[in-house]
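Chain by chain, the residues:
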Amino acid sequence: MTAHTIAETEALPDAAPRVDSEVGPLRTVLLHRPGNELKRLTPRNNDQLLFDGVPWVGRAQEEHDAFAATLTSRGVEVLLLSDVLVQALEDNRARIAGVHSAVNERRLGIDLADALRSHLTSLPAPQLAQVLMTGMTFEELPAAEGASLVRRMHLPIDFAVDPLPNLLFTRDSSVWVGDRVAITSLALPARDRETTLTDLIYAYHPRFRRTGRAYGAHSAPLEGGDVLLLAPGVIAIGVGERTTPAGAESFARSALADGLAHTVLAVPIAQERATMHLDTVCTMVDRDAVVMYPAIRHNLTAYPLRADGEGGVRVDGPVPFLEAAAEAMGIERLRVIDTGLDVVTAEREQWDDGNNTLAVGPGLVVAYERNVETNARLEDAGVEVLRIAGSELGSGRGGPRCMSCPIDRAPLV
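Residues numbered from 1 in each chain as written. Predicted model: local features only at pLDDT ≥ 70, side-chain atom pairs only at ≥ 80, totals over all residues. Heavy atoms only, no water.

You'll find the protein entered in an unreviewed UniProt entry as Arginine deiminase, with Lentzea xinjiangensis given as the organism. Quoted verbatim from the Subcellular location (unreviewed entry) heading of the UniProt record, the comment on the protein is "Cytoplasm". What UniProt records for the protein under Catalytic activity (unreviewed entry) is the sentence "L-arginine + H2O = L-citrulline + NH4(+)". (UniProt positions renumbered as here; feature names shortened; annotations may be inferred.)

Below is the structure:
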């Protein structure tokens, strides 16, 4: 595959990244190539770690390499999370933050936690990065002097440091709005540490040291898969299984106060795994077009939030989502391309991430090849589809948009 190494990344122009829309020409994206953290998944723990099955890791890596190559072939700069994490960990402050997040003293006890901290602190950055991503079992802990009840009462294959298989979905832990990045608050315990790694990358990697932050209320759950930048100044936020009303409101207040948006649409979605994020049922594929699961097309609503002119926020609605979106975007209507060709096909292809497309530019998207009917509908509507395989990548319930965090997009003209 073609992806920038750390040295190449440092040599790139020091232009300020910016993302104002879902479909502006994609310049730079953050991906995570599946690694040994996926080899930690077993039938015993895959549900707890949020995967529907146990992926074939080698094939998942091949599919991801092809995904990255597809993007680079279209002129997109691909940054790999593992590379930028290693570079960030060269800063001692980042090492301290990473080690602190990995060691759970309440679970390990003071003595074992101290021993583990000491061990992790001594590791070179590449090895520390691997532990932070892949985790560590009790049998992999370094040898320690003295007896340990904690060691004795855990199985060798139990995790002393939990793995992070969902790092694959880089969309969720950070969102760029304008020239700022928001570190999100992930809802489920299996993903707690992901935001710590993302946070330290943006805080300590040389490339991002001058990046401003958005969204300060990290206590309320908000995930990037629920955030759609419909147009410059217009943000839609899904509220459902992963993002709470409090998280959506906190993000909206921050974006409105910082001048990053003039309208935020809070969009209720079903609290089900099949619709865990807004981008599982709706994504932008062109300036004025979305691909959408038809079962929700006519009953999807929105609560528009706007600044009230006195330092607060006005909340309206609920109103039909498609109408509210078009009005906020300043267009007559939002074109809707339905998933599938019939009710059954639509349900199957929505489950298989047919709605979870990544726009490389206006009218140009990456999509899983298996969603044959949805891709045909997109092409009939004038959208070019770059097809990629996803039989193993999709085992964690995520498509091309879930697996990518746009860091820089050219403005729409």
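Caption draft 1: Molecular detail of the nonpolar core. Residues Leu89, Leu120, Tyr202, Ile235 and Phe251 are the most contacted members of the largest nonpolar core, which totals 64 residues. With residues near it in sequence (within four places) discarded, Leu120 still touches Arg95, Val99, Ala102, Val103, Leu128 and Val131. Formed by 38 residues, the second largest nonpolar core is a distinct cluster that contains Cys282, Val290, Ala346 and Ala367. (Core = buried A, V, L, I, M, F, W, Y, C linked by side-chain atoms within 4.5 Å. Buried < 20%, exposed > 50% of the residue type's maximum accessible area, 1.4 Å probe, protein only. Contact = heavy atoms within 4.5 Å.)

Caption draft 2: Inspection of the domain arrangement of the protein at higher detail. With domains assigned, the protein is organised as domain 1 (26–82 + 165–409) and domain 2 (85–161). Computed over C-alpha atoms only, the centres of domain 1 and domain 2 are separated by 32 Å. With 17 residues of domain 1 at the interface, the matching set in domain 2 holds 23 residues. Summing the contributions of domain 1 and of domain 2, the shared interface buries around 1700 Å²; its carbon and sulfur component is 63%. (Domains from an automatic or database assignment. Buried area = accessible area lost by both parts, 1.4 Å probe.)

Caption draft 3: Broad picture of the environment of Ala125. Along the chain, Ala125 falls in helix α7 (residues 125–134). In this structure Ala125 touches Val86, Leu89, Glu90 and Arg95, once residues within four positions along its chain are discounted. (Helix = DSSP H or I, 4+ residues; strand = E, 2+ residues; numbered from the N terminus.)

Caption draft 4: Representation of the sheet that holds strand β6 (residues 180–183). In space, the three strands of this open sheet follow the order β5-β6-β7, with mixed pairing throughout. In the strand order of this sheet, the two ends are held by β5 (174–177) and β7 (212–214), each with one partner. With strand direction ignored, the average angle separating the axes of adjacent strands in the sheet is 40 degrees. This element, helix α9 (residues 194–204), spans β5, β6 and β7 of the sheet and lies at about 155 degrees to β6. (Pairing = 2+ DSSP bridges. Axes fitted to C-alpha atoms, helices over the stretch in contact; angles between N-to-C directions.)

Caption draft 5: How the structure looks around helix α2 (residues 57–73). Spanning 17 residues, α2 covers 24 Å between terminal C-alpha atoms, matching the ideal 24 Å at 1.5 Å per step. Buried within α2 we find Val57, Ala60, Gln61, Glu63, His64, Asp65, Phe67, Ala68, Thr70 and Leu71. At the C-terminal side of α2, Gly75 shows a positive phi close to 85 degrees. (Expected span 1.5 Å × (residues − 1).)

Caption draft 6: Quick peek at the confidence of the model for the protein. Within the protein, residue pLDDT values average 89, and 92% of them lie at 70 or more. Scored below 50 in pLDDT, residues 1–13 makes 26 contacts in the model with residues more than four places away or belonging to other chains. (pLDDT = per-residue confidence, 0-100.)

Caption draft 7: Expanded view of the packing of aromatic side chains. In this structure the tally under the stated criterion is three aromatic pairs. A centroid spacing of 6.3 Å and a plane angle of 50 degrees characterise the contact between Trp176 and Phe208, whose relative ring orientation is tilted. Pair noted here: Trp176 is in strand β5 and Phe208 is in the loop between α9 and β7, with a separation of 32 residues, a long-range link. By relative accessible area, Trp176 is classed as buried at 2%. Phe208 gets classed as buried once you look at its relative accessible area, which sits at 2%. Measuring from ring centre to ring centre gives 5.1 Å for Tyr202 and Phe208, while their planes differ by 75 degrees; the resulting arrangement is edge-to-face. Both residues of the pair, Tyr202 and Phe208, count as buried. The structure contains a cluster of three or more aromatic residues connected by ring pairs, namely Trp176, Tyr202 and Phe208. (Phe/Tyr/Trp six-rings, centres within 6.5 Å; stacked < 30°, edge-to-face > 60°.)

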